[in-house]
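Here is what each chain is made of, one letter per residue.
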Amino acid sequence: MAVLVYAEHVEGQFKKSAFEVVSYAKEIARNGNTQLVAICVGEISDEALGKLGAYGADKVLAARYAALNTFSSSAYASAIADAANRENADIIILSNSFSGKGLAPAVSVKLNAGIVAGAIDLPKTEGGKFIVKKLAFSGKAFAWVELLSAKKIISLNPNSYRIVDSPTSTIIESFEANNTPDSKVSVKEVIRSTDKVSLPEAEIVVSGGRGLKGPENWAILEDLAAALGAATACSKPVSDAGWRPHEEHVGQTGIVISPNLYLAIGISGAIQHLAGVSSSKTIVAINKDPDAPIFKVADYGIVGDALEVVPKLTQAIKAFKG
Amino acid sequence: MKLLVCISNVPDTTTKVTFTNNNTQFNTSGVQFILNPYDEIALSKAIELTEGGNGTVTVIHVGDVAAEPTIRKALAIGADDAVRINAEPHDAYFVASQIAQYVKDKNFDLILTGRESIDYNNALVAGMLGEMLQIPSVSIVKKLDLIGNEIVVEREIEGGKEVLNVSLPAIVSCSEGVAEPKIPNMRGIMSARSKPLEAIEATEAGKLSNIVEYTTPEPRGSVKILGAEETEKLVELLHTQAKVI
Ligand SMILES: Cc1cc2nc3c(=O)[nH]c(=O)nc-3n(C[C@H](O)[C@H](O)[C@H](O)COP(=O)(O)OP(=O)(O)OC[C@H]3O[C@@H](n4cnc5c(N)ncnc54)[C@H](O)[C@@H]3O)c2cc1C
């Protein structure tokens, strides 16, 4: 018995979500009195791999061969499933990231394992059951899912479990998976902006709505986001109008996020919008209409014209950060 | 070109979600159901790809007869025919198994799904189907072009995007950007009534998971309203009270 966690890295660097899943998996392993094995796929240094020990990985399997340097959903899924079999892991944890969303269902079929996609808390195991809480109805509710299969998979939502230090002496082993990348899929191009904070993982999100009037006014939002180290987001009409790219659209039909701080600027707070942001820990609304529904869910509100308030807020943030 | 689009029947986005039966069941009473918005995008793309007599679009749904208005809507938008597998769609594995069973001997070139359904947000069916059918499956695609016997897709990755060439047959889960949702016109609505909608029985499939309870988020506390001049005060509150900066 063991818990296996897939620790995702981007070009040899772990992101916050990798440490979140390792911390989460460690707690499950500890509760089950078993060891935590991590698997990493693609080129990455031993030094970087060693970092997983800080969060409790007892062993790190490194599937490092050149063929796997570019992400291949099928080959990565095979490596994870192979590792689960060889390590006799009965619980497999992944991040519900963009790549995790491709991998988790494939691993589930390979292992005939039930899956909870988008988990937000540790499993409850009273009475021999295994029940995991996940977001449902795009944030309007939670579903408590019982996994009935022998092997179980959980994909954990970013920002839903804190990173916990758990220093462990880790051994790094190289891992030969039985599979090569799928010849039917070839990567033409990877475009990554490393300086931007990824929206699902962001701890602070600055979001703009139709109240900003037009794309030309987004510079003040971007300044505020830069001052806060935040990601930018928007309401649906904003991306529909092409003011911002679709991947910034949050809400019931967009991305569901749960940052520590969500700033809704010129956003009315329609039910579809709120669904995707209401699990944010703190919500700030800036809106000129004191009756806007967004104030019903906000923790702090400023009633005023965003075009005037936002630059002042940016100044205040800069002053605070010195 | 033979296309299949997997569709799901979900509560309208304005629905206030409630539960019955000791919070073990979604309360459908008074709820309007719609075609899942992402599936609408997938379907619109499929129709675009087959325009000008360049193939057929079949839609498939796993669920009971209550979903037929939604299936008819898909036919009105422009699908050629529809299949409904008559079963309670109790988890993604079950749904994918049913679709895989149906697809096995049908030679579809391309299978499209929505990125996720907005009821259970699992985003699992496309990935499971790929594994079950042993064909490539690409998740969360925001651009799709057909070039000969290949598709070129742009998919979202952490902090960026990846462009892939994928040979057919393949499965793609579609996000916004793939196509503009098509709205049914009068002719579509009229012809949808007579388009074939076949109901077939489900096959045996294991049950790997089970929803035992639903809960709803705690109501949020009340708001502290500040004036337009009080940005410094806000920063201070975010630091000392909310402790988020
Ligand atoms: C099927 C479906 C799915 C949907 N899914 C989503 C979704 O996922 N996400 C989403 O966001 N929406 C979604 N919507 C749309 C949703 O219903 C609302 O229309 C949308 O959220 C409104 O966007 P908004 O708040 O930017 O614009 P509006 O509702 O127009 O609000 C603009 C706000 O800005 C304020 N304002 C105006 N000028 C200023 C100023 N100078 N300074 C400060 N404030 C100002 C106004 O008081 C107003 O409150 C969906 C709708 C449907 C039908």
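Residues numbered from 1 in each chain as written. Chains lettered and ligands numbered in written order. Predicted model: local features only at pLDDT ≥ 70, side-chain atom pairs only at ≥ 80, totals over all residues. Heavy atoms only, no water.

Per an unreviewed UniProt entry, chain B carries the name Electron transfer flavoprotein subunit beta and comes from Paradesertivirga mongoliensis. Recorded in UniProt for chain B, the comment headed Sequence similarities (unreviewed entry) runs: "Belongs to the ETF beta-subunit/FixA family." (UniProt positions renumbered as here; feature names shortened; annotations may be inferred.)

An unreviewed UniProt entry lists chain A under the name Electron transfer flavoprotein subunit alpha/FixB family protein, with Paradesertivirga mongoliensis as the source organism. UniProt, in the comment section headed Sequence similarities (unreviewed entry), describes chain A in these words: "Belongs to the ETF alpha-subunit/FixB family."

Asker: Got a minute to help me understand the UniProt feature "domain: Electron transfer flavoprotein alpha/beta-subunit N-terminal" (unreviewed entry) in chain B in this structure?
Answerer: This chain's UniProt record puts "domain: Electron transfer flavoprotein alpha/beta-subunit N-terminal" (unreviewed entry) on residues 23-209 of chain B. End C-alpha atoms of residues 23-209 of chain B are separated by 17 Å, and the span's content is 27% helix alongside 33% strand. (Helix = DSSP H or I, 4+ residues; strand = E, 2+ residues; numbered from the N terminus.)

Asker: For this particular structure, what's the right way to read the interface of chain A and chain B?
Answerer: Put simply, an interface is often sized by how much accessible area is lost when its parts join up. Between chain A and chain B, the residue contacts involve 83 residues of the former and 78 residues of the latter. Summed over both sides, the interface between chain A and chain B buries roughly 7100 Å², with carbon and sulfur atoms accounting for 59% of that surface. Summed over the three residues of chain A that lose the most area to chain B, namely A:Phe98, A:Phe137 and A:Tyr300, the buried surface amounts to 12% of that side. Taken together, chain A and chain B are joined by 5 salt bridges. Between B:Glu131 and A:Lys110 there is a salt bridge; the shortest N-O distance is 3.0 Å. For the side of chain A that touches chain B, the element with the highest residue contribution is helix H4 (residues 98-111) of chain A, accounting for 9 residues. Looking at the side of chain A that touches chain B residue by residue, the classes come out as 41 nonpolar, 24 polar and 18 charged. (Contact = heavy atoms within 4.5 Å. Buried area = accessible area lost by both parts, 1.4 Å probe. Salt bridge = Lys/Arg side-chain N within 4 Å of Asp/Glu carboxyl O. Nonpolar A, V, L, I, M, F, W, Y, C, P; charged D, E, K, R; others polar.)

Asker: Where do I start with the packing of aromatic side chains in this structure?
Answerer: Where two aromatic rings form a pair, the distance of their centres and the angle of their planes describe that pair. Taken as a whole and judged by the stated rule, the model has 10 aromatic pairs over all chains. Three or more aromatic residues link up through ring pairs in this structure, and these residues are A:Phe137, B:Phe19, B:Phe26, B:Tyr120 and B:Tyr214. The aromatic ring of A:Phe142 is capped on one face by A:Lys133, whose charged end is 4.2 Å from the ring centroid. Directly above the aromatic system of B:Phe108 lies the positively charged group of B:Lys2, at a separation of 4.8 Å from the ring centroid. (Phe/Tyr/Trp six-rings, centres within 6.5 Å; stacked < 30°, edge-to-face > 60°. Lys NZ or Arg CZ within 6 Å of the ring centre and 35° of its normal.)

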